[in-house]
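The residues making up each chain are set out below.
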Amino acid sequence: MTIATSRRAFLLGSGALVVSFSLGAEAQEGEVQAGTSAPQPTFTAIDNDRLDSWIRVDANSHITVFTGKAELGQGIRTALTQVAAEELEVAPGEIELITADTGRTPNEGFTAGSMSMPNSGTSIRKAAAQMRRLLVEAAAQTLAVAPESLTLQGKQIRSGDRALSYGEVAAALNLEVPLAGDPALKAPDTLTVIGRDVPRLDIPGKVTGAPAYIQDMRLPGMLHARVVRPPGYGATLTQVDTSAIEALPGVVGVVREGNFLAVIAEREFQAVTAMRELARRARWSAGTELPEQAEIHNVLRGLESEVGTVAEEGDANPSGDKVFEARFTRPYQMHGSIGPSCGIARLEPDGTLIVWSHTQGVYPDRAAIAEMLGMEPGRVRVIHVEGSGCYGHNGADDAAADAALIASRLPPGRPVRVQWMREQENAWEPFGPAMSITVRGAVTNGRISDFTFDLWSNIHTTRPGGAGALLAARQKSGPATPNTPRLQISPSGNGDRNANPLYTIPNKRILWHFIPDMPLRVSAMRALGAYANVFALESAIDELALLAQADPVAFRLAHLEDERARAVVQMAAERFGWETATRGPGRGKGFAFARYKNLAAYLAVAVEVEVERETGRTRLVRAVAAIDSGQAVSPNGIRNQTEGGILQAASWTLYEAVTFDRREITSVDWSSYPILRFASVPETVEVHVIDRPGEPFLGTGEAAQGPVAGAIGNAVRDAIGLRLTDLPFSRQRVLAALTAG
Amino acid sequence: MTVKLKVNGAVHEVDADPATPLLYVLREDLELNAAKYGCGLGQCGSCMVLVDGEATLSCVVPILALGEREITTLEGLGTVEDPAPIQSAFIELQAAQCGYCIPGMMMSAQALLQRNASPSDQEIRDALRTNLCRCGTHMRILAAIRRASEMMSAGAPSNRRAG
């Protein structure tokens, strides 16, 4: 890299920022466009309602499909390709799939909520069916035959021995047309690609060292930056001497703007070294005091601002001699991606900005970044590049904002890559919210007669939205403020997700005690409130079954009317051998069920656990799950996601809690935030997929989280005779429960 | 200063501070992608490579400590066109979700299989004790390593040097 000899100070934008750095010769050629009044170039806007926004066939029969969803490691790239290939009668390998990019793809919001197949899968399938119909109709006209007489194979439309290529037909057609409402889809019994196990397209590259992640991107002239974050929430930068940092080898400059502090270097490890030195010299105010961790659930209950009714039927008044009541808690837990967040950004010579990010929402992230920088959204392009698996809203958007802020202060043409350190990811990502739940239920004549469920929770979604969702925007001078969270009761739920039991209960009342304040930063983590709610609910159902002297599986079936719910319960029980399973010493079996969001995938799981009485160590020994996520596009993909959900939920349930003292997050590495290790991995995990041809796609990714927690809790109850109500079931906790008896 | 490193059979001269961890040199100077940054603390195994056949955490080993030793990364085992048994096995069993941790898993497994082509399940788990996966792909990772063991024991399908 060319390193310039000059060092000069820049004063850009609103003037609050001073960046001093040495410049490469090529970087000095571009002038920053700030303050010009000429019409400003923007990126092309994509219209969601046009066919060519979703699918294009060029004159060479090359097929490109566009999705607004992002590959997060869940395998969506392969499943979406299968859907398009099916309706176009081509092999999946013939499809080029472009994923989330505000410059190229439709706006599909966030890749979240297990909605990629229901949303994008459905849209792409319809668009592909429309494309097929248009091609077939045009070919029929050209060949002067009836459309029904044509066959499609090898990207050709055939009538007897005459054939037209897709490209030939497409070239003569106007395909820049509105999306059709409801094109005819292929009949379920004619499907050849949907429902088949197509190998994941990304795995060969990933196991041979191909560049696969944003962390692997290398752009010409790319600089490396590291951010120095405050020691805790709300701490302000009171003093920092940057002159010695600027003299370090390879250091290009220090960015200090308000409480945002970063260092830019030519080489990555130079940036790391300089970051450490810069952190050592920075002086911060004390910041916001955090609650006492041991008291967090009482503190949170005290912060309740209003109560929303999630569901109410009859007059719930659990009373009589068969009543169960308990308080359940879930701690703050982290996404903990194995690859810490990374963002890359480059200011273009025309003043536009390109940001590469593993965000779950390129369009919302674009809006937030544009707001942070005072730019028109159309002048910012956010391109999704895969990162390490995210499981929700982690540091991805923040790292993108860090890179965008730094790049916007650099000369055009100079890309900058910001890689978060492990301790930054663990301390600053938005955590899955702590929750507490009080359940009361009564059994009358062998059935659940009354049930109340009171949950205390923050909102689980503080995604961009506004710039206030981004750390950099909050920390820079002229800071953005986060949106005020509002209680909202919706069908799919948020903190209240799955709080309302799917079981038939005549008298029930489900309330969300809303907590607007966030002592710790929180946002969406796989399954949102469903993880803790299903844990509490399914624990309570088992206790009520005990009161009714009923088998837990039979008791659930007695309260379930939905045939698809019953089918997963029956299959999981049968494949596990529920009725015949014997209990070894220290071992127990447990069962749980939920329909995710009460409107998506059905999942039931039976587990066996082992509890070491001497140490409290609790281990998942085996798990058998049955899942119905509607029409199964990639059965092996569904199994892979569900196996992963089972093991991740087991890790949350057995080991995980964010720790903090009165000033800062203290679970900043893998020894202070332990997760599942190979020594404790189960002996077997089985996932059985119930395919529902012709039914809508229901999504898969989050269905296992709550049921697994419930089943493990129930199995521990079965093993040691004690109901554990506080997550996680750490050794200390289990041992304490055993000791207390 | 210039440091010589022997990586995947070739000697490379890199201009870097000798205190630089090997991981940064592999990724930035040699443009090798497989070894990943995960924690920089030697806790997660994403950066695993082989040094003289031993599974080694490249994020905590400075390049000055390496001298003439032979460094092997996942790229040195095989390619998409000609994969090593461990790579074929992970593809065959679809043993990845996001895949970020997988190269590190494969290198830990490779080190094991080179000294013990038919490990027990417990030996496989022990070999992976420093490797973390967050997607929950563990069952498939174990199965893929068992499959690679079968392939390597059978001497097929690859005739390549084992790492």
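Residues numbered from 1 in each chain as written. Chains lettered and ligands numbered in written order. Predicted model: local features only at pLDDT ≥ 70, side-chain atom pairs only at ≥ 80, totals over all residues.

(A) Layout of the overall build of chain B. Regarding its fold elements, chain B presents 5 helices and 5 strands. Taken over C-alpha atoms, the radius of gyration comes to 15 Å for chain B, in line with the 15 Å a tight globule of 163 residues would show. By principal-axis analysis of the C-alpha atoms, chain B measures approximately 45 × 35 × 25 Å. Counting only residues that meet the buried cut, chain B has 58% of its 163 residues in that class. Within chain B, contacts between residues at least 6 apart in sequence are counted, and of these 62% link residues at least 24 apart. (Helix = DSSP H or I, 4+ residues; strand = E, 2+ residues; numbered from the N terminus. Rg over C-alpha atoms; globule rule 2.2 N^0.38 Å. Buried ≥ 20, exposed ≤ 12 C-beta atoms within 10 Å, placed from the backbone. Contact = placed C-beta atoms within 7 Å.)

(B) Region of the structure containing the overall build of chain A. Looking only at helices and strands, chain A has 18 helices and 26 strands in total. In chain A, which comprises 741 residues, the share counted as buried stands at 56%. For chain A, contacts bridging at least 24 residues in sequence account for 79% of all contacts bridging at least 6.

(C) Highlighting the domain arrangement of chain B. All names here are of chain B. Split into domains, chain B comes out as domain 1 (2-74) and domain 2 (85-153). Centre-to-centre separation of domain 1 and domain 2, based on C-alpha positions: 21 Å. With 14 residues of domain 1 at the contact, the number on the domain 2 side is 13 residues. At the level of secondary structure, the elements contributing two or more residues to the side of domain 1 that touches domain 2 comprise β3 (48-51) and β4 (54-57). Counting residues per element, the side of domain 1 that touches domain 2 draws most heavily on β3, which supplies 3 residues. For the side of domain 1 that touches domain 2, the residue count by class is 9 nonpolar, 3 polar and 2 charged. (Domains from an automatic or database assignment. Nonpolar A, V, L, I, M, F, W, Y, C, P; charged D, E, K, R; others polar.)

(D) The arrangement of the interface of chain A and chain B in detail. Contacts between the two partners involve 49 residues from chain A, matched on the other side by 49 residues from chain B. Residue assignment for the side of chain A that touches chain B shows that the elements contributing at least two residues are α5 (203-206), α7 (268-281) and α16 (635-655) of chain A. Considering each element in turn, the side of chain A that touches chain B owes the most residues, 8 residues, to α16(A). Partitioned by chemical class, the residues of the side of chain A that touches chain B number 20 nonpolar, 18 polar and 11 charged.

(E) Just the UniProt feature "domain: Aldehyde oxidase/xanthine dehydrogenase a/b hammerhead" (unreviewed entry) in chain A, in detail. Under the local residue numbering, the UniProt record ascribes the feature "domain: Aldehyde oxidase/xanthine dehydrogenase a/b hammerhead" (unreviewed entry) to residues 208-288 of chain A. Helix makes up 22% of residues 208-288 of chain A and strand 30%. Its end C-alpha atoms lie 46 Å apart. (UniProt positions renumbered as here; feature names shortened; annotations may be inferred.)

(F) Spotlight on the sheet that holds strand β23 (residues 587-595) of chain A. Residues and elements named next belong to chain A. With respect to topology, 4 strands assemble into an open sheet ordered β23-β24-β25-β26, the strand pairing being mixed. Looking at which strands have only one partner, the edges of the open sheet turn out to be β23 and β26 (684-689). Neighbour to neighbour, the strand axes of the sheet diverge by 15 degrees on average, direction disregarded. Both β23 and strand β24 (residues 602-611) contribute to a ladder of 9 bridges, which runs antiparallel. Paired with G588 across the bridge in β24 is V609. (Pairing = 2+ DSSP bridges. Axes fitted to C-alpha atoms, helices over the stretch in contact; angles between N-to-C directions.)

(G) Main features of the nonpolar core. One finds A:V263, A:L603, A:V605 and A:A625 to be the most contacted residues of the largest nonpolar core, which totals 285 residues. Per element, the largest residue contribution to this core is 11 residues, and it comes from helix α13 (residues 530-547) of chain A. (Core = buried A, V, L, I, M, F, W, Y, C linked by C-beta atoms within 7 Å.)

(H) Examining the environment of A:L676 more closely. All names here are of chain A. Structurally, the position occupied by L676 is in the loop between α16 and β26. In the structure, L676 is positioned 425 residues away from V251 in sequence and 39 Å away in space, judged by C-alpha atoms. Not counting the four nearest positions on each side in its chain, L676 is found in contact with L647, A650, S651, Y655 and V681.

(I) How the structure looks around the packing of α13(A) against helix α17 (residues 705-720) of chain A. Residues and elements named next belong to chain A. α17 packs onto α13 with a crossing angle of 35 degrees between their chain directions and a minimal axis gap of 7 Å. Judged by the sense of rotation from one axis to the other, the crossing of α13 with α17 is right-handed. Between α13 and α17, the contacting residues are A530, Y531, N533, V534, F535, E538, S539 and D542 on the first element and Q705, G706, P707, A709, G710, G713, N714 and R717 on the second. The residue makeup of the contact of α13 with α17, split by class, is 6 nonpolar, 7 polar and 3 charged. (Left-handed = near helix turned anticlockwise from the far one by under 90°.)

(J) Summary view of helix α9 (residues 362-373) of chain A. Residue and element names in this part refer to chain A. Between its first and last C-alpha, α9 extends 16 Å over 12 residues, near the 16 Å set by a 1.5 Å rise per residue. When you tally the buried positions in α9, you get 11 out of 12 residues, the bulk of the element. Of all the positions in α9, only V362, Y363, P364, D365, R366, A368, I369, A370, E371, M372 and L373 are classed as buried. Where α9 is buried, its residues touch β17 (353-357), β18 (380-384), α10 (396-408) and α12 (471-475). (Expected span 1.5 Å × (residues − 1).)

(K) Structural context of the pairing of strand β21 (residues 447-457) of chain A. Residue and element names in this part refer to chain A. Along β21, 8 of the 11 residues are buried, which leaves the element largely enclosed by surrounding structure. The pairing of strand β20 (residues 435-444) with β21 spans 10 bridges and is classified as antiparallel. Counterpart to V439 in the pairing with β21 is F453. The turn linking β20 back onto β21 is made up of 2 residues, and N445 within it adopts a positive phi angle of 50 degrees. Examined bridge by bridge, β21 and strand β22 (residues 507-514) share 8 bridges and lie parallel to one another. In the sheet register, D454 faces β22, and the bridge partner there is L511.

(L) Representation of the environment of A:V418 in the model. Residues and elements named next belong to chain A. Examined against the element boundaries, V418 turns out to sit in strand β19 (residues 416-419). Put simply, V418 and A345 are 73 residues apart on the chain and 8.7 Å apart in space, counted from C-alpha to C-alpha. With sequence-adjacent residues up to four places away left out, V418 is seen in contact with A225, V227, C342, G343, A399, D402, A403 and I406.

(M) Seen up close, the sheet that holds strand β6 (residues 151-153) of chain A. Residue and element names in this part refer to chain A. Within the open sheet, the 3 strands sit side by side as β6-β7-β8. Their pairing is antiparallel. Of all the strands in the sheet, the pair left with one neighbour each is β6 and β8 (162-165). Ignoring strand direction, the axes of neighbouring strands in this sheet form an average angle of 30 degrees. Sheet contacts for helix α3 (residues 116-143): β7 (156-159) and β8; angle to β7, the most-contacted strand, approximately 40 degrees.

(N) Structural detail: the domain arrangement of chain A. Residues and elements named next belong to chain A. By domain assignment, chain A separates into domain 1 (7-26 + 215-286 + 336-428), domain 2 (51-206) and domain 3 (303-333 + 431-460 + 495-740). For domain 1 versus domain 2, the separation of C-alpha centres amounts to 38 Å. Each side of the interface is counted separately: domain 1 has 13 residues, and domain 2 has 14 residues. Looking at the side of domain 1 that touches domain 2 residue by residue, the class counts come to 6 nonpolar, 4 polar and 3 charged.

(O) Broad picture of helix α3 (residues 102-115) of chain B. Taking 1.5 Å of rise per residue, the 14 residues of α3(B) would be expected to cover 20 Å, and the 20 Å separating its terminal C-alpha atoms lies within 8% of that figure. Among the 14 residues of α3(B), 12 are classified as buried, and the element is accordingly described as predominantly covered. Every buried residue of α3(B) is accounted for by B:I102, B:P103, B:G104, B:M105, B:M106, B:M107, B:S108, B:A109, B:Q110, B:A111, B:L112 and B:L113. On the buried face of α3(B), the contacting elements are α5 of chain A together with β3, β4, α2 (85-92), α4 (121-127) and α5 (138-153) of chain B.

(P) Structural detail: unusual backbone geometry. Residue and element names in this part refer to chain A. L727 connects to P728 through a cis peptide bond whose omega is -5 degrees. Following the sequence through the fold, P728 ends up in the loop between α17 and α18 (731-740). Residues other than glycine seldom take positive phi values, yet A144 does so here, at roughly 55 degrees. Along the chain, A144 turns up in the loop between α3 and β6. C-beta crowding within 10 Å serves as the criterion here: with 7 such atoms nearby, A144 is assigned to the exposed category. Here the phi dihedral of K597 falls at roughly 65 degrees; this positive angle occurs in a residue that is not glycine. For K597, the position within the fold is in the loop between β23 and β24.

(Q) Highlighting the packing of α2(B) against α5(B). All names here are of chain B. α5 packs onto α2 with a crossing angle of 135 degrees between their chain directions and a minimal axis gap of 8 Å. Taken together, the axes of α2 and α5 lie oblique to each other. Where α2 crosses over α5, the handedness of that crossing is right-handed. From α2, P85, I86, S88, A89, F90 and E92 reach across to α5, where they touch A144, R147, A148, M151 and M152. Among the residues forming the contact of α2 with α5, the class breakdown is 8 nonpolar, 1 polar and 2 charged. (Parallel < 35°, antiparallel > 145°, perpendicular 65-115°, else oblique.)

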